[in-house]
Amino acid sequence: MQHFGSMSEQETEHRKRRIADAVIIAVIVAGGLSIGGVLPAWFGRAVWLLLAAGCWLWLALRAWHRLTMRQRGWLVFWSYAAAGCAAAWVLHTAPEQATLWVRFDRICSAILLAGLITAIAYNIIYKNKPNMRKKIVAGNWKMNTLPAEGVELAKGVVAGRGEVCSCVNFIVCPPFTHLSMVAEALKGSDIALGAQNCAAEAKGAYTGEVAASMLAALGCKYVILGHSERRQYYGETSATLNKKMEQAYANNLTPIYCVGENLEEREAGKHFDVVKAQIEEVVYNLTEEQFKNLVIAYEPVWAIGTGKTATAEQAQEIHAYIRKVLAEKFGAAAAECPILYGGSCKPANAAEIFAKEDVDGGLIGGAALKAADFLAIGKGFAK
Ligand code: PGA
């Protein structure tokens, strides 16, 4: 049963549209009457300005959730700038005799000018604010799905992608065997393809290995390197990872470099030292140019696939620390490096974790195997 006040979304939308239509018609009629001399000229100017401001606001609000932080900054800036210009126009043509209105116009202009200056200052500060980083949600499918299932999953992600802000960058990393089929399924979408590993060598007699150049040829843009499962089960060391990173960059792949401590290390309070060493031994060897094209994923081993998640505060604490360690080597560029959280990240906890200043998204395992959950995680970014 429907009660009073619990209108369906469609009805509310419909009502809003009717109100907007009525306001626009009233403004146009009033504007027309003043042009025709029935109402004073200043009234005409005011209503036209109101109409223009209303349209601008309406369009801006509709587009707001799809804009990146930088674009929002510019939108706010131009809103003030346009208002300032409009005020200058009103002031310039204000009838000299109508002292009251001249004064009124001047006050309005002063307010708008102050707004304009604030907007410029805000924009300058805003542009230099560190949190202008890419928002990323990457799916690590690990050794799951058969090729046909992988294609279905990728198609599901493509189909629902439009429901999530275009400011979120989605990446899917299927097993090697599915890459070309998944690449085909992703065609025409903005979802990027990544691999879960690559060989440390360029080519040659390395049975069972897959070279970074092969991944690039299949359309991969990213490659996960140093995942704890690779370090733990396949003995990957920093020495191997340095070579893999070189291969990735040589083939224009962006590495998603994973760091993170295990439970024992966390309990012994060694987590900061562990991630610091993982960064120093590999990331510190990159050139400044290479570093600009790097994604870091912090994945506490005790949270991977266990259902245990680091709290948002724990994630923020170590992400901020990672950024500090990066800044020691790369300076201001560290503020631009996306740092993802990984480890039992799911729709229910993504928003809280992603809300933290230094968390720029997630590397998702289990929850990336269902298109709806994967996309719902992307909705975890604040509008
Ligand atoms: P999980 O895996 O989300 O299943 O915990 C994350 C990862 O290992 O990348």
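Here the structure is a predicted model, which is why all the values come from computation and not from measurement.

Peer 1: Account for the nonpolar core, naming residues and giving values.
Peer 2: Core analysis: the largest hydrophobic core is formed by 72 residues, its most contacted members being Val-283, Ile-296, Ile-322 and Leu-326. Considering each element in turn, this core owes the most residues, eight residues, to helix H13 (residues 312-330). Discounting chain neighbours no more than four positions away, the residues touching Ile-322 are Val-259, Val-275, Ile-279, Ile-296, Tyr-298 and Ile-339. Core analysis: the next-biggest nonpolar cluster, separate from the first, contains 13 residues, Ala-138, Tyr-222, Ile-256 and Cys-258 among them.

Peer 1: Would you mind going over a nonpolar patch on the surface in detail, with residue names and values included?
Peer 2: A contiguous nonpolar surface patch, about 250 Å² in accessible area, is contributed by Ile-24, Ile-28 and Trp-48. Looking at where Ile-28 falls in the secondary structure, it is placed in helix H1 (residues 9-35).

Peer 1: Please give an account of helix H9 (residues 238-250) that cites residues and values.
Peer 2: Think of an α-helix as turning once every 3.6 residues; residues three or four places apart then point the same way. Spanning 13 residues, H9 covers 18 Å between terminal C-alpha atoms, matching the ideal 18 Å at 1.5 Å per step. Of the residues making up H9, those classed as buried are Ser-238, Leu-241, Lys-244, Met-245, Gln-247, Ala-248 and Tyr-249. Those residues of H9 that are buried lie in contact with helix H7 (212-217), strand S4 (222-225), helix H8 (228-233), strand S5 (254-259), helix H11 (271-282) and helix H12 (288-291). Just downstream of H9 lies Asn-252, where phi reads positive at about 60°.

Peer 1: Mind laying out the packing of H11 against H13, listing which residues take part and the relevant values?
Peer 2: Between H11 and H13, whose axes approach to 10 Å, the crossing angle comes to 40°. Considered as vectors, H11 and H13 are oriented oblique to each other. Note that H11 runs across H13; the crossing there is right-handed. In contact with His-271, Phe-272, Val-275, Lys-276 and Ile-279 of H11, H13 contributes Glu-317, Ile-318, Tyr-321, Ile-322, Val-325, Leu-326 and Glu-328. Among the residues making up the contact of H11 with H13, the classes are represented as eight nonpolar, one polar and three charged.

Peer 1: Got a sec to walk through the state of the cysteines? Specific residues and values, please.
Peer 2: Inspection of every chain in the model, using the stated rule, returns one disulfide. Covalently, Cys-165 is tied to Cys-167 through a disulfide, its sulfur atoms 2.1 Å apart. Measuring handedness by torsion sign, the sulfur bridge of Cys-165 and Cys-167 sits at about 130° and is right-handed. On the accessibility criterion, Cys-165 (10% relative accessible area) is buried. Here Cys-198 stays unpaired: no disulfide links it, and the sulfur of Cys-220, its closest cysteine neighbor, is 9.9 Å away. Considering cysteine sulfurs only, Cys-173 is the nearest to Cys-220, which forms no disulfide, with 7.8 Å between them. A relative accessible area of 3% means that Cys-220 is categorised as buried.

Peer 1: Could you give an account of the packing of aromatic side chains, with specific residues and numbers?
Peer 2: Under the definition given, this model contains six aromatic pairs. A centroid spacing of 4.6 Å and a plane angle of 25° characterise the contact between Phe-354 and Phe-381, whose relative ring orientation is stacked. Residue Phe-354 is found in helix H14 (residues 347-354), and its partner Phe-381 is found in the segment after helix H15 (371-378); the two are separated by 27 residues along the sequence. Judged by relative accessible area, which is 9%, Phe-381 ranks as buried. Over the aromatic face of Tyr-234 sits the side chain of Arg-230, whose NZ or CZ is 4.3 Å from the ring centroid.

Peer 1: I'd like to hear about the sheet that holds strand S3 (residues 192-195), residue by residue, with values.
Peer 2: Sheets are built from strands that pair by backbone hydrogen bonding, the pairs being arranged parallel or antiparallel. Taken in spatial order, the eight strands close into a barrel running S1-S2-S3-S4-S5-S6-S7-S8, and their pairing is parallel. Ignoring which end each strand starts from, the neighbouring axes of this sheet average 25° apart. Pairing between strand S1 (residues 135-140) and strand S2 (residues 168-173): six bridges, direction parallel. The residue bridging Gly-139 from the neighbouring strand is Val-172, located in S2. Its contacts with the sheet place helix H6 (residues 179-186) against S2 and S3, and it is angled at close to 165° to S3.

Peer 1: Account for the site of the ligand, with residues named and values stated.
Peer 2: Taken together, 13 residues are adjacent to the ligand, and Lys-142, His-227, Glu-299, Gly-305 and Ser-344 come closest. A distance of 2.7 Å is found between an oxygen atom of the ligand and a side-chain nitrogen or oxygen belonging to Lys-142. His-227 places a side-chain nitrogen or oxygen 2.7 Å from an oxygen atom of the ligand. Expressed as a share of its isolated accessible area of 280 Å², the protein-covered part of the ligand is 95%. Of the residues in the shell around the ligand, the class split is four nonpolar, seven polar and two charged.

Peer 1: So, the pattern of salt bridges: which residues are in play, and what are the values?
Peer 2: Scanning the entire structure with this criterion turns up 15 salt bridges. Across the salt bridge formed by Lys-243 and Glu-201, the nearest N and O atoms sit 2.8 Å from each other. Residue Lys-243 is located in helix H9, and its partner Glu-201 is located in the loop between S3 and H7; the two are separated by 42 residues in the primary sequence. A relative accessible area of 39% means that Lys-243 is categorised as partly exposed. By relative accessible area, which is 25% here, Glu-201 ends up partly exposed. A network of salt bridges, in which partner residues are shared, links Arg-133, Arg-323, Asp-358 and Asp-360.

Quick notes on the rules
- Residues numbered from 1 in each chain as written.
- Predicted model: local features only at pLDDT ≥ 70, side-chain atom pairs only at ≥ 80, totals over all residues.
- Heavy atoms only, no water.
- Core = buried A, V, L, I, M, F, W, Y, C linked by side-chain atoms within 4.5 Å.
- Buried < 20%, exposed > 50% of the residue type's maximum accessible area, 1.4 Å probe, protein only.
- Helix = DSSP H or I, 4+ residues; strand = E, 2+ residues; numbered from the N terminus.
- Contact = heavy atoms within 4.5 Å.
- Patch = residues over 30% accessible without salt bridge, like charges linked within 9 Å, V, L, I, M, F, W, Y side chains within 5 Å.
- Areas by Shrake-Rupley, 256 points an atom, 1.4 Å probe, with all protein chains shown as cover.
- Salt bridge = Lys/Arg side-chain N within 4 Å of Asp/Glu carboxyl O.
- Expected span 1.5 Å × (residues − 1).
- Axes fitted to C-alpha atoms, helices over the stretch in contact; angles between N-to-C directions.
- Parallel < 35°, antiparallel > 145°, perpendicular 65-115°, else oblique.
- Left-handed = near helix turned anticlockwise from the far one by under 90°.
- Nonpolar A, V, L, I, M, F, W, Y, C, P; charged D, E, K, R; others polar.
- Disulfide = S-S within 2.5 Å.
- Phe/Tyr/Trp six-rings, centres within 6.5 Å; stacked < 30°, edge-to-face > 60°.
- Lys NZ or Arg CZ within 6 Å of the ring centre and 35° of its normal.
- Pairing = 2+ DSSP bridges.
- Near = heavy atom within 4 Å.
- Polar contact = N/O pair within 3.5 Å; in protein donor to acceptor, adjacent residues only side chain to side chain.

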